[in-house]
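The chain contents come next:
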Amino acid sequence: MRPRLRCVNCGAEYDPSPKLFTCPKCGHLLEVVFTPDELPPFTEFRRRSRMMGIWRFKELLPLKTERPVTMGEGSTPLIRLEKLEKIIGVRRLYVKFEGANPTGSFKDRGMSLAITLAREVGSKAVVAASTGNTAASAAAYAARAGLKTFLLLPRGKVALGKLAQSIMHGAIIVEIEGNFDLALDTAKELAKRDEFYPLNSFNPWRLEGQKTLGFELFEDIGVPDHIFVPVGNAGNISAIWKGFKELKRWGYSDSLPKMNGIQAEGASPIASAFKAGLRAPLFTDSPETVATAIRIGKPVNWLKAWKAVTESGGTFESVTDSEILRAQRLLAREEGIAAEPAGAASVAGLIKLASQGYFNGDETVVAVVTGHGLKDPDSARFHPTMRLRAISMDDAIEKVMEVLEGRSVEEKAVG
Ligand SMILES: *Cc1c(COP(=O)(O)O)cnc(C)c1O
Ligand SMILES: [Zn+2]
């Protein structure tokens, strides 16, 4: 078992130590590599209680513990989109709804493992820079573990629901004048001090928790042809890819999915470079998008994500804010799924690629909806709605019947 850390760039391997996150030789990020002692039949994982969370897959995780910090994260619904798959023209289209996690985003998968580790290495406090969901998740899991939480948040750029969660769980909030990338630099500096354990996705242990999303897809539908993932700091797409590669390496599966990373046009350092045929991202200092969870100009995990997409034969694409909001509305109004804007970016990306003839019609496609619509209630203001105003019960009933029977003069959508 004894996990090792391997550099994604030069391949050098190291014995793990709690604060080793970058390769001393070349400065690139590390990933966890290990061989499980035991490989239970895959059906065994399904039999285990959902309340074990990601620890249902404990033999396939690099951390042995008797006392994981868990809230039953993962085991999220895989929802078939029967209307949309006909419009788009693929055989099967699913959403993996990560909004159903305990704090409403996929971050919980990684946080369960990272916070468990923070406690095992004896940290007093944890620190994370965040566009909001890492903050909410860190605050909740650290509260369970009894660790002090410091959150570095770009001022005025964190969605209301996420901020409310961070406050509710008692985290200490440091507002940074500047964007996420500056907050992350600050988190990295603090993490050098002994007292702090960092929870951002440059921490490869967190990504080990997130790879379980791939295990669950395999459990539910085998290996899909395509997976679409919104990309911000680029950790999640890398983690899901790692999960599928390990399933193959460990003899559970014999194929791999194509990984497709979707960025917002105003924050697309990876997608724009990929489409221009370059070999490295075009970092930007001023990312801007309605999808605040992926409002990132310098994705730390870019090389891991780049490898995931190129090795798998997928692609990177960018989508405009209005394409994101359109996908958000489609998911909500046609399929009943509330996604925050970043969460809908995966669906916006696959709609865009479908219109360019990306699919042959025979594929099974999964879009990861990374966060719940309640995270960002403000984003509802971009959608048309019908409001009727009434001054009495009779008036209300009359107005309702007018709309139902299609004879209302007020029946117009307002934004
Ligand atoms: C964190 C987050 C992302 C981006 O994930 P990365 O691993 O940083 O690429 C996308 N959507 C939501 C809702 C998130 O919270
Ligand atoms: Zn290296």
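From a predicted model like this one, the values you see are computed outputs, not experimental measurements. (Residues numbered from 1 in each chain as written. Chains lettered and ligands numbered in written order. Predicted model: local features only at pLDDT ≥ 70, side-chain atom pairs only at ≥ 80, totals over all residues. Heavy atoms only, no water.)

As for the site of ligand 1
- Around ligand 1 sit 15 residues, and of these Lys107, Asn133, Asn233, Ala234 and Thr370 come closest.
- A distance of 2.7 Å separates a nitrogen atom of ligand 1 from a polar side-chain atom of Thr370.
- When ligand 1 sits alone it has 380 Å² of accessible area, and the protein chains cover 97% of it.
- When its residues are assigned to classes, the shell around ligand 1 shows six nonpolar, seven polar and two charged. (Near = heavy atom within 4 Å. Polar contact = N/O pair within 3.5 Å; in protein donor to acceptor, adjacent residues only side chain to side chain. Areas by Shrake-Rupley, 256 points an atom, 1.4 Å probe, with all protein chains shown as cover. Nonpolar A, V, L, I, M, F, W, Y, C, P; charged D, E, K, R; others polar.)

So, the environment of Trp250
- Tracing the chain through its elements places Trp250 in the loop between helix H9 (235–249) and strand S11 (258–264).
- Judged by relative accessible area, Trp250 falls into the buried class, the value being 10%.
- Separated by 214 residues in the primary sequence, Trp250 and Pro36 place their C-alpha atoms 8.5 Å from one another.
- Those residues within four positions of Trp250 in sequence are excluded, and the remaining contacts are Phe34, Pro36, Leu39, Leu60 and Lys211. (Helix = DSSP H or I, 4+ residues; strand = E, 2+ residues; numbered from the N terminus. Buried < 20%, exposed > 50% of the residue type's maximum accessible area, 1.4 Å probe, protein only. Contact = heavy atoms within 4.5 Å.)

Here we look at the pairing of strand S7 (residues 148–154)
- Of all the seven residues making up S7, five are buried; the element is thus mostly covered by neighbouring parts of the structure.
- Pairing geometry for strand S6 (residues 125–129) and S7, over five bridges, is parallel. Across the sheet, the residue bridging to Ala129 is Leu152, located in S7.
- Across five bridges, S7 lies against strand S8 (residues 172–176) in parallel orientation. By the bridge assignment, Leu152 is partnered in S8 with Val174.
- The β-α-β motif built from S7, the intervening helix H5 (residues 160–168) and the parallel element S8 has right-handed crossover chirality. (Pairing = 2+ DSSP bridges. Right-handed = clockwise from strand over helix to strand, strands pointing away.)

Here's the deal with the UniProt feature "modified residue: N6-(pyridoxal phosphate)lysine" (unreviewed entry) in the protein
- With numbering aligned to this structure, UniProt lists the feature "modified residue: N6-(pyridoxal phosphate)lysine" (unreviewed entry) at Lys107.
- Inspection of the secondary structure assignment puts Lys107 in helix H3 (residues 107–120).
- With residues near it in sequence (within four places) discarded, Lys107 still touches Asn133, Thr134, Ser137 and Arg206. (UniProt positions renumbered as here; feature names shortened; annotations may be inferred.)

Structural notes on the domain arrangement of the protein
- The domains assigned to the protein are domain 1 (78–104 + 207–379) and domain 2 (383–414).
- Relative placement of domain 1 and domain 2: their C-alpha centres are 38 Å apart. (Domains from an automatic or database assignment.)

Here we look at the pairing of strand S10 (residues 226–230)
- In terms of burial, S10 is a largely internal element, five of the five residues being buried.
- Pairing analysis gives five bridges linking S10 to S11, with the strands arranged parallel. The residue bridging Phe228 from the neighbouring strand is Asn260, located in S11.
- On the question of chirality, the crossover connecting S10 to the parallel S11 by way of H9 is right-handed.
- As judged from the three bridges shared by S10 and strand S13 (residues 364–369), these two strands associate in the parallel manner. Looking across to S13, one finds that Ile227 is bridged to Val366.

Side note on the UniProt feature "domain: Tryptophan synthase beta chain-like PALP" (unreviewed entry) in the protein
- UniProt marks residues 69–371 with the feature "domain: Tryptophan synthase beta chain-like PALP" (unreviewed entry), using the numbering shown here.
- Between the end C-alpha atoms of residues 69–371 there is a gap of 21 Å, over a span that is 45% helix and 17% strand.

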